[in-house]
Structures are given as structure tokens and as C-alpha cells.
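Chains, contacts and geometry: an overview
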Amino acid sequence: MFRNKTSLFFLFFLVIVTVSNCQEGIKTTDSLAFAISQLNDGPFVFIEENQLIEKNIVNGEIITKTLKPNAFDTEFLPDPVFFNEVKKIAAFSDLHGQYDLAVELLINNNIIDENGNWDFGKGHLVIVGDVFDRGPKVNEILWLIFKLEQQAITNGGRVHFLLGNHEYMVLHGDLRYIHEDYVLSSKLLGKEYHELYNNNTVLGRWLRSKNTIVQINDNVFVHGGVSKKFLEKNDFTLKIINDIMRSSLERTKEEMKVTGFYKTYYGKKSLIWYRGYFNDDLKEEEIDEILGLMDIEHVVVGHCSNKKVVQLYHQKIFGVDSSIKKGKYGEILWIKNKHYSRRTLEGKKKEFKEKK
Ligand code: CA
């Protein structure tokens, strides 16, 4: 009798669960189908046995094309690390998939024209890391930078795309921060998201040619910052530091953790994670010491979000993460000859106010 009652109860329970699961199931499938039908992404260019295969997602359908073998470069030399006598520099960071806002900012400040082409002459544009993660238009930004880089060189200028902690996270397969659209895109393409940027893709190879830190005139640009701790462990030789970071992309986190390597290059005081200029209450003498060890005058960093581009320590440090990730507003650091100013989203020039 007891057993029968229990069975009956379980049967009843099962029916309820099944019904509610089905309803859930139908709802999820519908909304998923709708989300897929709205999905547009790409291009992703895969390098397969000396062939270039381009895949685009158009309204949820994958369109595959075989490109001419010379449609894109597939070999990229590491970017140079040192530039001198540059008269115009613009820098911003932490774009985090906010393509539309980034484009608006670049157009309004005459770095690109209305058609998205280079309009900055011999100027240098520095993207101080973190194009990946959070927002929905990462791939669009990557292709824009890819194009502008070529156009800038043709015009005697330069684009520097420096890798931030989020580039390193994605390229190491840490996908905790990708936008939900990219979960769908990569599933549709039958890949893990980071495989869309692996060494058998055009953008993946290109990303692996990028630097983490560069020097332009007497300014160093790097996503997190250069800590005293980091300088104690490294000679300040930019080429070597960049090569170490670049080759670490091919190493696993576990393997790097076996030695002190991970702590030095991926820890809290590393180039890509350091927040000390903002959070550690350093004395100005400590900043002077760091700058002295590098034999430079200014460090430009991203990574710590502010409402606008900020200066610290009498313009020795500049923070260019102006919270573009929120998709509402952003600014650019503007360096003309030796003068530093901010440029607003509307393209207005603003001087830094020194705190007394
Ligand atoms: Ca960051």
C-alpha cells in the first residue's frame, strides 16, 4: 500500500516535472531560434592547408567562401617596440566590444573619416589593451584596427594595438567574460570561442604579432602599468619583454605556474594586471623611481576605469580607460608635441586640471 502511494506520488511528480520541463524547453528553443536568426558575425578567416576559408554568420546562417590565397597576409612579424620624434599621438583603451562608440570617438576626433578610413596622417594611434570581452562587437573592432594599421603605415603613421589582460585571457581559453552572442557564434561555427582566434586564423596570427608594451618618444604605453616589482625582475628591454609575453601565449597557465613565471608576468604586479598607480597610494618619489629605471617621463595605462581620461602625479601617469565598456561615453588622450590634453566624445579639446 505504502509502496503504491509512493509510486503514485512519483508518477504525479514526474508528470509535473515533465510538463514544466517541456514548457521551459519550448520557450528556450523559441528564444534560442530567435536569437540565432538575429545573429550576424564575422568574417572569420581560417587558414586550412594553404587555403583561406572565410566564414560569416548572416542572420544565423553560416556563409562559407574560399578566398584567393593572397587575400590576406598569413605571416606577421612582431611589431616594432620603439618610436621617436612622433609629433601626434592619440591613445585610448578598454573598448570591450563597443565598436559603435569607438568609431564615433575616432570620427569626431578626425582619426578616421566618415567611411572609417585613416585620417590621422603621420599620427600614432595607441589602443592600450582590452578590445576583447564584455561587449558584442569585438570582431568588428579587430578588423577595423587590422585595416587602419595598414592605412596608417601607408600614410607614415602607426596603429599600436597592445594586448591587455582580456586579450591574454581569451587567447588562453579563459572565456568567462565573452558576450552571450559569442557563445552562439562559436557554437554555430562548431568551435570554442578562442579557436576563432587561434594560430590557424588570420586574426589569431595577427594578434600574436602584437606587443604588450611600447615606447613612443618619452612615453611608455602598457595596459596595467609597470611596477617596481616588475622592474626588479626584468631588465627594461622592451623587445625582450614583449617576446616573453608573446611566447607565453603558447604556454598553459598550469605550466607557467610551476615556476615564478606566472606571478611575474600574469600576477597582480605584472604589465597587464597592475593597478598600483591608482590603488597603492604610491609616493611621487616612487613614481619617479619607476620612471627613472625606464629612463622615460610618462606612462600611459588603461585597465582602471574612470569617467574620463585622467592624469596622476603631475602628468607623469595617464589613465586612458574612460569607461567605454559601458557603451555610453569615452575619451581619448591627445599628445601633440609635448602637450597633453583630453579629447571628448564630441571631439572637443579639454585641458587637464592639475590638483594643487
Ligand atoms: Ca583590463
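Right above here is the structure, for reference.
Presented here is an overview of the structure given in this document. (Residues numbered from 1 in each chain as written. Predicted model: local features only at pLDDT ≥ 70, side-chain atom pairs only at ≥ 80, totals over all residues. Heavy atoms only, no water.)

Considerations on the overall build of the protein
- Secondary structure assignment for the protein yields 12 helices and 15 strands.
- Reported as C-alpha extents along the three principal axes, the dimensions of the protein are approximately 85 × 50 × 40 Å.
- Burial analysis of the protein (356 residues in total) assigns 50% to the buried set.
- In the protein, once contacts between residues fewer than 6 apart in sequence are set aside, the share between residues at least 24 apart is 66%.
- With the model as given, the accessible surface of the protein reaches about 18300 Å², and the carbon-plus-sulfur share is 53%.
- Counting 48 positive and 48 negative side-chain charges, the protein places the centres of these two groups 4 Å from one another. (Helix = DSSP H or I, 4+ residues; strand = E, 2+ residues; numbered from the N terminus. Buried < 20%, exposed > 50% of the residue type's maximum accessible area, 1.4 Å probe, protein only. Contact = heavy atoms within 4.5 Å. Areas by Shrake-Rupley, 256 points an atom, 1.4 Å probe, with all protein chains shown as cover. Lys, Arg positive; Asp, Glu negative; His and termini not counted. Charge placed at Lys NZ, Arg CZ, Asp CG, Glu CD.)

Re helix 12 (residues 284-294)
- Among all positions in helix 12, only Ile287, Ile290, Leu291 and Met294 are buried. For helix 12, the arc enclosing every buried residue in end-on projection is 95°, short of the 170-degree limit, so these residues lie on one face. Residues of helix 12 that are exposed and angled more than 90 degrees away from the buried face: Glu285, Gly292 and Leu293.
- On its buried side, helix 12 packs onto helix 7 (228-233), helix 11 (276-279), strand 10 (298-301) and strand 12 (317-319).
- Backbone geometry just after helix 12 places Asp295 at a positive phi near 60°. (Arc of directions from axis to C-beta.)

A few points about the pattern of salt bridges
- Under the defined criterion, the tally for this structure stands at 16 salt bridges.
- Here Lys316 ties to Glu284 by a salt bridge, and the two come within 2.6 Å at their closest N and O atoms. With Lys316 in the loop between strand 11 (310-312) and strand 12 and Glu284 in helix 12, this residue pair connects regions lying 32 residues apart in the sequence.
- Members of the salt-bridge network, linked through shared partners, are Asp79, Glu149 and Lys210. (Salt bridge = Lys/Arg side-chain N within 4 Å of Asp/Glu carboxyl O.)

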